Amino acid sequence: MADLPVRPDTPCVAVCSTTFDEICRGCGRSVVEVAHWVSMSAEQKELVWQRILAQGYPRRNT
């Protein structure tokens, strides 16, 4: 994935909640993605970004 878009360091919006399932209601990442975010490659992070943006994340105050 050459020329990756410039993104914030993390999709986290400090609305962390996985109370009802394995997906954070704030950023849209899975529990595993959150846990491994710092060790993921730029390409892996971009794939997550593409998915969560397509799903309407990150969300604030939801």
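Heads up: these notes are all about the structure in this document. Because the structure is a prediction, the values reported are computed rather than measured. (Residues numbered from 1 in each chain as written. Predicted model: local features only at pLDDT ≥ 70, side-chain atom pairs only at ≥ 80, totals over all residues. Heavy atoms only, no water.)

This next bit is on unusual backbone geometry. With omega at -10 degrees, the peptide bond leading from Tyr57 into Pro58 counts as cis. In this fold, Pro58 is placed in the segment after helix 2 (42–54). The phi dihedral of Ala14 is positive, around 60 degrees, even though this residue is not glycine. Mapping Ala14 onto the fold places it in the segment before helix 1 (31–36). (Helix = DSSP H or I, 4+ residues; strand = E, 2+ residues; numbered from the N terminus.)

The next point concerns the environment of Asp9. Summarising the element assignment, Asp9 is placed in the segment before helix 1. A residue is classified by how much of its surface remains accessible, and Asp9, at 72% relative accessible area, is exposed. Once the C-alpha coordinates of Asp9 and Ala35 are considered, the two residues, 26 residues apart in sequence, prove to be 14 Å apart. (Buried < 20%, exposed > 50% of the residue type's maximum accessible area, 1.4 Å probe, protein only.)

Here we take up the packing of aromatic side chains. As enumerated under the stated definition, the model contains zero aromatic pairs in all. Lying across the ring of Trp37, Arg29 places its NZ or CZ 4.9 Å from the centre. (Phe/Tyr/Trp six-rings, centres within 6.5 Å; stacked < 30°, edge-to-face > 60°. Lys NZ or Arg CZ within 6 Å of the ring centre and 35° of its normal.)

To continue, consider the pattern of salt bridges. Close approach of charged atoms lets side chains of opposite charge pair. Following the criterion strictly, the structure yields two salt bridges and no others. For Arg7, the salt bridge goes to Glu46, with nearest N and O atoms at 2.8 Å. Of the two residues, Arg7 sits in the segment before helix 1 while Glu46 sits in helix 2, which places them 39 residues apart along the sequence. Exposure remark for Arg7: the relative accessible area of 30% places this residue in the partly exposed category. Here Glu33 ties to Arg51 by a salt bridge, and the two come within 2.8 Å at their closest N and O atoms. Residue Glu33 is found in helix 1, and its partner Arg51 is found in helix 2; the two are separated by 18 residues along the sequence. Assessed through its relative accessible area of 29%, Arg51 is described here as partly exposed. (Salt bridge = Lys/Arg side-chain N within 4 Å of Asp/Glu carboxyl O.)

Treat this as a map of the structure, not an account of what it does.
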